[in-house]
Structure formats: structure tokens, C-alpha cells
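Each chain is listed here by its residues.
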Amino acid sequence: MMKLLYYSPASYGGLADYAHEQANALDSLGIEVILLCTPNYLNCRSPKYKCVPILREVSSEVAASKLVVLNKVLKAIYFIRNTLYNISMLVSFIHKAHIQDVLFGSYAEYFAPLWAGSLKKLAKSGVTFGAVVHDPVRDFVLGPLWWHRLSIAAGYSFLQLAFVHEAIQLDTVKPMPDLKVTVIPHGPYAQAAPTESVAETRARLRLPIEAKVMLAFGHIRANKNLDLVIRAMVQVPDVHLVIAGKELQTEQNLVARYQQLAESLGVGDRCRWEIGFVDEPTVANLFNMADLILLTYSRSFYSASGVLNMAAGYQRACLVSAGTSALKSIAQQYQLGLWVEPDDVDAIIQGIKQWKQEPLKLNWPKFIEENSWHNNAQLVVKTFKSQGLNSYPHLL
């Protein structure tokens, strides 16, 4: 039996949900999956795979809850300390359990020159490392540009396999001739059944039962262009907006600014704010009562969207914008709603008006069939096998 060590320090959110679904699918292929996680990993309830909760939290959001006075230096110290600890635990576990195949739930480069060396040694000794590169364009510069570029190269330096959701030439900074890039699908997320009827959810949110309701779900970030959506609502007076999710610590007061904008434009009475962690029953109720899912990312967004894969369970129309990305190609290929030019309030206005006026033919069934977690896992296994370090033909 193939044994795969899955490294996933994300306790919750899209990365944790992705790791959970992918690990379950790998297990279904007969792979022995061992997932290194934190004690707060939300998906470690009744998975098929084995959870080993030995990692520490590294997110600044968790750091903010632990430190009374938090500045950039303290954030960096917290991140570096816990990242180095986690890598040391990973290395120790690889040696102890005689692991040959390791999959990182996401590519990471922050401070990689400080921690990648021990993994390069393992790679040279025969351990195969792969990573899911969710965000292939690493345009968030932390520190001087030379350090950012050095960190990107270090983050790739020990990888032999990179899994992406869209064909792309990865910027590895330095040549990585032995790095194999494989395109894998991003599977739809299984969703809980709603616990309320559409009428009950709308009544709870004080929304008219007959209203056209748009839902913006997930982490509240500036690159989702929710300010443009709020401005567009001025020109489309009979739509309502529900914004649900957590505000990132790095973008503090963004919700307050959006709320002030909505009030100043006279659309505040058509906006509802569900700010904070949203539990599974509430997620199901929100998607079930929504008419349109907003994925109005900026041109700088080059990734796939976990929210799109949540919408698949309810087969709702999406309003989509982004840069050249898996999100753009998938939304257009499977006709999952309307594509609009990014960062353009007029395009959003026209998209909302078109959605209201024309019935859309959505191809969610084909999307779900072709972008399954089973297909995702099969490609991952085949790619590890192709390295020649392990051979498991009975699984394929």
C-alpha cells in the first residue's frame, strides 16, 4: 500500500477544506494517508484518513488572538517560530515513519530560505515532495524584492511535483528542470443540507421573499471588489446583497468601510452583514436562499475559487471576474453564470442586469462530473508514481 504524508497546517478555511476532500479521495483509492495538522483542524472529525495533530498555528489571525500588542515584527516572529517548529516536526515524522512521498496542501514561500534546507536534504536522499500550488502567481511581496524572489525559489527548491488547477508556466525564479507540473481539477465541496426553507432564511435576514438576492461568501478581502458591487446596486435598485464571512486581520476595518459606503450611497437597507465564522448549517442556508453568487475578483486574482466549488452543491448562477486563472476558464467553459470584465463597476452593473433579464443555461452537472475529487486524486497518485521511486500499478 502506498503511504502518503499530507502536510496541512491550515486549521480552517479553503485550504483546510481542500486538504480534507483531497485526502478522503486519496484514501478511497487505497492510499494510506497521514495528515499532519494542528489540534484545531476543523475537518478532523470522522475522516477516512489518519490525523496527526502535531503542528502549530502559523496564521497571523490566530496570532492576533494570542498577542495583546501585535505589530509586523511580532507577527513575523510568531510566523517564523511556528513555521520552523512545524518543519522540524515534519522532518522528524518523515524519518520516524520512513515516509517516501510527501504532499504539501499548499505551496508556501514565506521565509522559505530559513526552512527549506532540511527538506532539500530529504529530497536528495530519495523523498518525493509535491505541493498543490493554489496561487501560482506570488505577487504579495513580503520584505525587499530580492528576499521575495529568493523565498519563491527556496519554496520550490525541494519540490519535484507541482499540482496546479490551470496550465501555467510557474515563476520559480531559478530554473527547476526536474519540477514536474500537473494540472488537476478542483473538486466541488460536499455541502450540508439546509436546515431552513428559503422563506425562513430570508425572514431571519429581513429580506423580502420575492427579492433577487446576491451572496458574497468567504473571507472578506479587497480583491473581491465588493465596493464595486455596492456601487453597482445604485443602478440596480431591486437587488439585495448578503455579505457573509470573516474579515482578514490584514485588512482591518474593511467591513466598516463597506458599510459606510453602502449607507452613503443609499443602499444600506438592501445589504445584510453576516460577519464572522459561518458554521456549516448557516452556509447551507445562505447558499440555498441566494439567487446569484458573487465571485467578482480583481484582475490580480490568478487562482481557483473554493466558493465556486461550494456553489456547485446548490447549482446557483455565479457572477465572475478575475485575471487569467482557473476560475475564469472553468466559469466560461461550463457556463456557470456570467463573466464580466474585472475591476469595472459598469461591467458589474451590466452583468447583474443581464442575469435578471435572461434565464441562464448552467452546466453544473458536466462540471461536477469532470472536476471530481476522484479525478483529482487519481492524477496525484499517477504523478507520484511517475517519479519512479514507488510503483503501485494495482491502484491505477
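Worth saying up front: this structure is predicted, and the values here are computed from it rather than measured.

K.L.:
What is the right way to read the overall build of the protein from this model?
P.N.:
Summing up its helical and strand segments, the protein has 14 helices and 13 strands in all. In terms of C-alpha radius of gyration, the protein reaches 22 Å, essentially the compact-globule figure of 21 Å for 396 residues. Dimensions of the protein, computed from the C-alpha atoms along their principal axes, are close to 65 × 50 × 40 Å. Expressed as a percentage of its 396 residues, the buried residues of the protein come to 52%. In the protein, 72% of the contacts between residues at least 6 apart in sequence involve partners at least 24 apart. Accessible surface, the protein: about 17600 Å² in total, of which carbon and sulfur atoms supply 53%.

K.L.:
Sorry, what's going on with the packing of helix α4 (residues 112–124) against helix α5 (residues 145–157) here?
P.N.:
The relative placement of two packed helices comes down to the angle between their axes together with the axis-to-axis distance. Across the interface, α4 lies against α5 with an axial gap of 9 Å and an inter-helix angle of 20 degrees. With respect to their mutual orientation, α4 and α5 come out roughly parallel. Remark: the crossing between α4 and α5 carries left-handed chirality. On the side of α4, the interface is formed by Ala112, Pro113, Leu114, Ala116 and Lys120, while α5 contributes Trp147, Leu150, Ser151, Ala154, Gly155 and Ser157. Here the residues of the contact of α4 with α5 are counted per class, giving 7 nonpolar, 3 polar and 1 charged.

K.L.:
Just to check I follow, could you spell out a negative patch on the surface for this structure?
P.N.:
A cluster of acidic residues, Glu341, Asp343, Asp344 and Asp346, forms a negative patch on the protein surface. A relative accessible area of 39% means that aspartate 343 is categorised as partly exposed.

K.L.:
Please clarify how the pairing of strand β11 (residues 292–296) should be interpreted in this entry.
P.N.:
With 5 of 5 residues buried, β11 is to be regarded as a mostly interior element. Looking at chain direction, strand β8 (residues 212–217) and β11 are connected through 2 bridges and run parallel. By the bridge assignment for β11, methionine 214 is matched with leucine 292. Note that the unit made of β11, helix α10 (residues 306–311) and strand β12 (residues 317–321) has a crossover that is right-handed.

K.L.:
Just to check I follow, could you spell out the state of the cysteines for this structure?
P.N.:
By definition, a disulfide is the covalent link that joins the sulfur atoms of two cysteine residues. Inspection of the entire model under this criterion finds 0 disulfides. Note on cysteine 37: no disulfide assigned, nearest cysteine sulfur contributed by cysteine 51 at a separation of 4.4 Å.

K.L.:
How should I be thinking about the pairing of β12 in this particular structure?
P.N.:
Moving residue by residue along a regular strand, the side chains alternate between the two faces of the sheet. Where burial is concerned, most of β12 is hidden: 5 out of the 5 residues are buried. Side chains Ala317, Leu319 and Ser321 of β12 all project onto a buried face; the interleaved residues Cys318 and Val320 project onto the opposite face, where all are buried too. Inspection of the sheet shows β11 paired to β12 by 5 bridges, in the parallel sense. Bridging across to β12, isoleucine 293 finds its partner in cysteine 318. Where β12 lies against strand β13 (residues 337–339), 3 bridges are found, and the strand directions are parallel. Bridge assignment links leucine 319 to a residue of β13, and that residue is leucine 338. Viewed along the sheet, the connection from β12 through helix α11 (residues 326–333) into β13 turns out right-handed.

Rules of the game
- Residues numbered from 1 in each chain as written.
- Predicted model: local features only at pLDDT ≥ 70, side-chain atom pairs only at ≥ 80, totals over all residues.
- Heavy atoms only, no water.
- Helix = DSSP H or I, 4+ residues; strand = E, 2+ residues; numbered from the N terminus.
- Rg over C-alpha atoms; globule rule 2.2 N^0.38 Å.
- Buried < 20%, exposed > 50% of the residue type's maximum accessible area, 1.4 Å probe, protein only.
- Contact = heavy atoms within 4.5 Å.
- Areas by Shrake-Rupley, 256 points an atom, 1.4 Å probe, with all protein chains shown as cover.
- Axes fitted to C-alpha atoms, helices over the stretch in contact; angles between N-to-C directions.
- Parallel < 35°, antiparallel > 145°, perpendicular 65-115°, else oblique.
- Left-handed = near helix turned anticlockwise from the far one by under 90°.
- Nonpolar A, V, L, I, M, F, W, Y, C, P; charged D, E, K, R; others polar.
- Patch = residues over 30% accessible without salt bridge, like charges linked within 9 Å, V, L, I, M, F, W, Y side chains within 5 Å.
- Salt bridge = Lys/Arg side-chain N within 4 Å of Asp/Glu carboxyl O.
- Lys, Arg positive; Asp, Glu negative; His and termini not counted.
- Charge placed at Lys NZ, Arg CZ, Asp CG, Glu CD.
- Pairing = 2+ DSSP bridges.
- Right-handed = clockwise from strand over helix to strand, strands pointing away.
- Disulfide = S-S within 2.5 Å.

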